[in-house]
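Okay, here's what each chain looks like letter by letter:
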Amino acid sequence: MKNKARDIILVAIGVAIVAFLLAAPPSTTAPVPYDDTHRQYYNMARDEGKKAAERFCADCHNQDMMPLPEGHPPTYRCLFCHRLERGK
């Protein structure tokens, strides 16, 4: 009897976790475009890791060329929020 109650609790916890994950809001940050400009960084992120590719984001995404919106987080962890498109 003791094992049955534990199993039911475990299943209930699993169902609650899955329900919580399914209820999560959709992502609101824009993905990194897979275009001529960004393609080289996709390859770099795949081969050397995301941190290697992130070093170059501020070269274009800065106050002079492509200003970030007010309140935007610091630019040293771009690929933490902006995801790379899958399969590219």
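Refer to the structure above for everything that follows.
(A) The arrangement of the packing of aromatic side chains in detail. One pass over the structure, following the stated rule, counts two aromatic pairs. Plain terms: the ring middles of Y34 and Y42 are 4.9 Å apart, the flat faces sit at 90 degrees to each other, and that makes the pair edge-to-face. Residue Y42 is classed as buried on the basis of its relative accessible area, which comes to 3%. The aromatic ring of Y34 is capped on one face by R39, whose charged end is 4.8 Å from the ring centroid.

(B) Broad picture of the side chain of H38. With respect to the helices and strands, the residue H38 is situated in the loop between α1 (2-22) and α2 (39-48). Separated by 2.8 Å, the side chains of H38 and D35 make a polar contact. With residues up to four places along the chain from it excluded, the contact list for H38 reads V32, P33 and H61.

(C) Up close: the nonpolar core. Listed in full, the seven residues of the largest apolar core are V32, Y42, M44, A45, A52, A53 and L79. Those elements that place two or more of their residues in this core are α2 and α3 (50-54). Filtering out sequence-adjacent residues up to four positions away, L79 remains in contact with V32, K50, A53, E54 and L84.

(D) Highlighting α2. Every buried residue belonging to α2 is among Y42, M44 and A45, and all of these are buried. For α2, the buried positions fall inside an angular range of 165 degrees around the axis, keeping them on one side. Turned more than 90 degrees off the buried face of α2, the exposed positions are R46, D47 and E48. Against α3 lie the buried residues of α2.

(E) Spotlight on the pattern of salt bridges. With the rule as written, the count across this model stands at three salt bridges. In this structure, the salt-bridge partner of R39 is D36, at a minimum N-O distance of 2.8 Å. We classify D36 as exposed; its relative accessible area is 65%.

Calculation criteria
- Residues numbered from 1 in each chain as written.
- Predicted model: local features only at pLDDT ≥ 70, side-chain atom pairs only at ≥ 80, totals over all residues.
- Heavy atoms only, no water.
- Phe/Tyr/Trp six-rings, centres within 6.5 Å; stacked < 30°, edge-to-face > 60°.
- Buried < 20%, exposed > 50% of the residue type's maximum accessible area, 1.4 Å probe, protein only.
- Lys NZ or Arg CZ within 6 Å of the ring centre and 35° of its normal.
- Helix = DSSP H or I, 4+ residues; strand = E, 2+ residues; numbered from the N terminus.
- Polar contact = N/O pair within 3.5 Å; in protein donor to acceptor, adjacent residues only side chain to side chain.
- Contact = heavy atoms within 4.5 Å.
- Core = buried A, V, L, I, M, F, W, Y, C linked by side-chain atoms within 4.5 Å.
- Arc of directions from axis to C-beta.
- Salt bridge = Lys/Arg side-chain N within 4 Å of Asp/Glu carboxyl O.

In short, the description is geometric, and any link to function would need to be established separately.
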